[in-house]
Amino acid sequence: MAISGRVIKVSDNISTDHIIPGRYFHLRSDLEKLSEHALEDVVENFHEKAKGGVILVGGSNFGIGSSREHAPIVLKMSGVKAVVAKSFARIFFRNAINIGLPVIIVDTEKIFDGDDITIDLEKGVLREKRDSYQLKFPPLDIRIQSIIDEGGIVNYIKKHGDISFEM
Amino acid sequence: MVNRKRKGVRALAKTMVQKIFEMKTESDVSPGMMIIVPVDLVYVQDGTGPLSFRQFEKLEKDCLAFPENTAIFLDHAAPSPRKELSNDHVYLRSMSSKLGCKLYDVGQGVCHQIAIESLVRPCDIVVGADSHTCTGGALGAFATGMGSTDIAVSMGLGKNWFRVPESIFIKLTGKMAPYITGKDIIISVVKHFGSNGASYQALEFGGDIENIPIYDRLTVSNMAIECGAKVGIFPSDEITREFLEKNNRFEDFKELKPDLDAEYVDRLEFKLDEIEPMVSVPHYVHTARKAKNLKDIKLNQVFLGSCTNGRLEDLRMAAKILKGKSVAKGVRLIVVPASKKVYLDALKEGIIEILVNSGASVMAPGCGPCVGVHEGILGDNEVALATSNRNFHGRMGNPDSYIYLSSPLTAAASAITGYITDPREFEI
């Protein structure tokens, strides 16, 4: 699966409180409305900028903090096609996989805001449109990739009836 | 890490994490393995629960795998400050009636506190839709936070997938000096690791743990996630047994300790007698300094409570400092007992009276202002000192405010002076 889009770059240690602040706690059952506030304390007009599809690029430890799955959900609903970071917080990483949002671990130093990039998930290659850089990353465990490919773990279980790691 | 075990041959020395997973899977387990494991306890709170149950409904299962081991806690917005949240509560109550799982309604307390008082057992696998589920590690459980969909899967199937984490051994040696608490230990540990230094790994605490009471262990385990750890686990020993028996749980004790030569990816030592009162400064937990070096920080609000430090011993410590004294002019002291049991015990001991007399507002058991929903949202440019576990940008409801984190002793001393204060300046 290849994903293309323009980069919105954010810093290290983006927390789930940054992605969806606690002051919008009451909107958690209204995901459309909640997503209008995604990352609003970090990137001005993020919701508008992300419309139509972008790739969100962070630094190290993206998604630290709360277990709120609403964080990857509002990113996906806002138009984020994939999140790329040097490293992820564990719960955010699992949540993103479970809702079918691709997460890629690669050194993001060379990637800048506004770059147009394409990511090949199977080959593990991220490249800038004019090939000014090409970054390699280890593809996800095939069992985990299959959850993303089904659009998340709910669809996966509905299709297979169970979770099983027997290959 | 290299898996040195040959197939079918059990390696002799095991970490606590390996021991728990092997008990559940009845097979050899080593770090890095992806395994499917049955869970002993699953829970949600009112912020993550609605999404968990909607995802559960999408799974099209007729019933929960183990309704008696599934619990809903209404604690983050309790009592509800808004109709949207009231409607979430209505939905969760209806799910509890329909599916037959446990419900802890408004006023019962924070999920993790009730869980350790009544539900979590040593050697259990516990998953909760809240990142501070790792609190249960203090009782020797493999307790970890997950997102709503993972919890929906665990509720529906009674199991989930885990990557067995590598373990880091943290040896706590010596004895804590007076005025030093579990909070000062864990802030020191998180400062050492940074916010992700233990990511995907398990912290296993050991050393002179007979010197660390259960309430301090609970604070330490609660904040293991703040350096990225999946779990922060203590051995289950006589102190654990005593705690369970005090809560009338005579059947629940099981011993757990690592083998002497267990393999760890790292071993660290923290000398308890060298730890000083610590404070996390905005906007991260790992950005921490000694309380005595932050004297110029003027406070508007002090919050005593949360799953980190809202237990009886925490309120008792604060009351020792606040007894007969008043909170500084211009400072609001908000106290939230972590559970109904804590509240009642604190009332009986006269602790609540001391706190109210000093100027505190005491709220119903629950999460209080920790996550910015209600009960003490900060104004623009205001500064808070909280005994909770996170001081992220905007955490307490206002991105234009500043949050510091400390122990209950430091919080109480600071409430009196109106500035961050080393509690050793006060007698206890």
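Residues numbered from 1 in each chain as written. Chains lettered and ligands numbered in written order. Predicted model: local features only at pLDDT ≥ 70, side-chain atom pairs only at ≥ 80, totals over all residues.

Trainee: Tell me about the overall build of chain B, and name the residues and values.
Mentor: Scanning chain B from N- to C-terminus turns up 13 helices and 18 strands. Against the globule reference of 22 Å for 428 residues, chain B gives a C-alpha radius of gyration of 21 Å, in line with a compact fold. Dimensions of chain B along its principal axes, counting C-alpha atoms only, are 65 × 50 × 40 Å. Within chain B, the fraction of its 428 residues that count as buried is 60%. When contacts within chain B are restricted to residue pairs at least 6 apart in sequence, those whose partners lie at least 24 apart make up 77%. (Helix = DSSP H or I, 4+ residues; strand = E, 2+ residues; numbered from the N terminus. Rg over C-alpha atoms; globule rule 2.2 N^0.38 Å. Buried ≥ 20, exposed ≤ 12 C-beta atoms within 10 Å, placed from the backbone. Contact = placed C-beta atoms within 7 Å.)

Trainee: So what's going on with the overall build of chain A? Residues and values would help.
Mentor: Along chain A, the regular secondary structure elements total 7 helices and 7 strands. Secondary structure of chain A in N-to-C order comes out as β-α-α-α-β-α-β-α-β-β-β-β-α-α. Expected size for 167 residues packed as a compact globule is a radius of gyration near 15 Å; at 15 Å, chain A falls within 12% of this value. Its C-alpha atoms put chain A at 45 × 40 × 25 Å along the principal axes. Expressed as a percentage of the 167 residues in chain A, the buried residues total 49%.

Trainee: Could you give an account of the interface of chain A and chain B, naming the residues involved and the relevant values?
Mentor: With 40 residues of chain A in contact, the opposing surface of chain B contributes 46 residues. Where the side of chain A that touches chain B is concerned, the elements lending two or more residues are helix H1 (16–19), helix H5 (90–98) and helix H7 (153–160) of chain A. Tallying contributions element by element places H5(A) first for the side of chain A that touches chain B, with 5 residues. Within the side of chain A that touches chain B, the residues separate by chemical class into 12 nonpolar, 16 polar and 12 charged. (Nonpolar A, V, L, I, M, F, W, Y, C, P; charged D, E, K, R; others polar.)

Trainee: How would you sum up the sheet that holds strand E11 (residues 266–271) of chain B? Please name residues and give values.
Mentor: Strand-to-strand pairing in sheets goes through backbone hydrogen bonds, with the strands running parallel or antiparallel. All names here are of chain B. In space, the 4 strands of this open sheet follow the order E10-E9-E8-E11, with parallel pairing throughout. Of all the strands in the sheet, just strand E10 (231–233) and E11 have a single pairing partner and so form its edges. On average, adjacent strands in this sheet sit at an angle of 20° to one another, irrespective of strand direction. Both strand E8 (residues 167–173) and E11 contribute to a ladder of 6 bridges, which runs parallel. The residue bridging Lys171 from the neighbouring strand is Glu269, located in E11. (Pairing = 2+ DSSP bridges. Axes fitted to C-alpha atoms, helices over the stretch in contact; angles between N-to-C directions.)

Trainee: Break down the sheet that holds strand E2 (residues 54–57) of chain A for me, with residues and values.
Mentor: Residue and element names in this part refer to chain A. Spatial ordering of the open sheet is given by E4-E3-E2-E1-E5-E6-E7, a layout of 7 strands whose pairing is mixed. Edge positions in the sheet fall to strand E4 (103–105) and strand E7 (134–136), since each of these pairs with one other strand and no more. Going from strand to strand, the sheet's axes swing by 30° on average, the running direction of each strand aside. Of the pairings in the sheet, the one linking strand E6 (residues 125–128) to E7 comprises 3 bridges and is antiparallel in character. Counterpart to Val125 in the pairing with E7 is Lys136.

Trainee: Tell me what's going on with the packing of helix H10 (residues 312–322) of chain B against helix H13 (residues 408–417) of chain B, and back it up with residues and numbers.
Mentor: Residue and element names in this part refer to chain B. Contact geometry of H10 with H13 gives a least axis separation of 8 Å together with a crossing angle of 30°. Considering only the axes of H10 and H13, their crossing is right-handed. Between H10 and H13, the contacting residues are Asp314, Met317, Ala318, Ile321 and Leu322 on the first element and Pro408, Leu409, Ala411, Ala412, Ala413 and Ile416 on the second. Looking at the contact of H10 with H13 residue by residue, the class counts come to 10 nonpolar, no polar and 1 charged. (Left-handed = near helix turned anticlockwise from the far one by under 90°.)

Trainee: Describe H10(B), listing the residues and the values that go with them.
Mentor: Residue and element names in this part refer to chain B. For H10, a buried count of 8 out of 11 residues is recorded, marking the element as mostly surrounded by other parts of the structure. Buried within H10 we find Leu312, Asp314, Leu315, Met317, Ala318, Ala319, Ile321 and Leu322. Gly324 occupies a position one or two residues after H10 and carries a positive phi of about 75°.

Trainee: Break down the domain arrangement of chain B for me, with residues and values.
Mentor: With domains assigned, chain B is organised as domain 1 (36–163), domain 2 (165–274) and domain 3 (280–425). Residue-level contacts link 16 residues of domain 1 of chain B with 17 residues of domain 3 of chain B. (Domains from an automatic or database assignment.)

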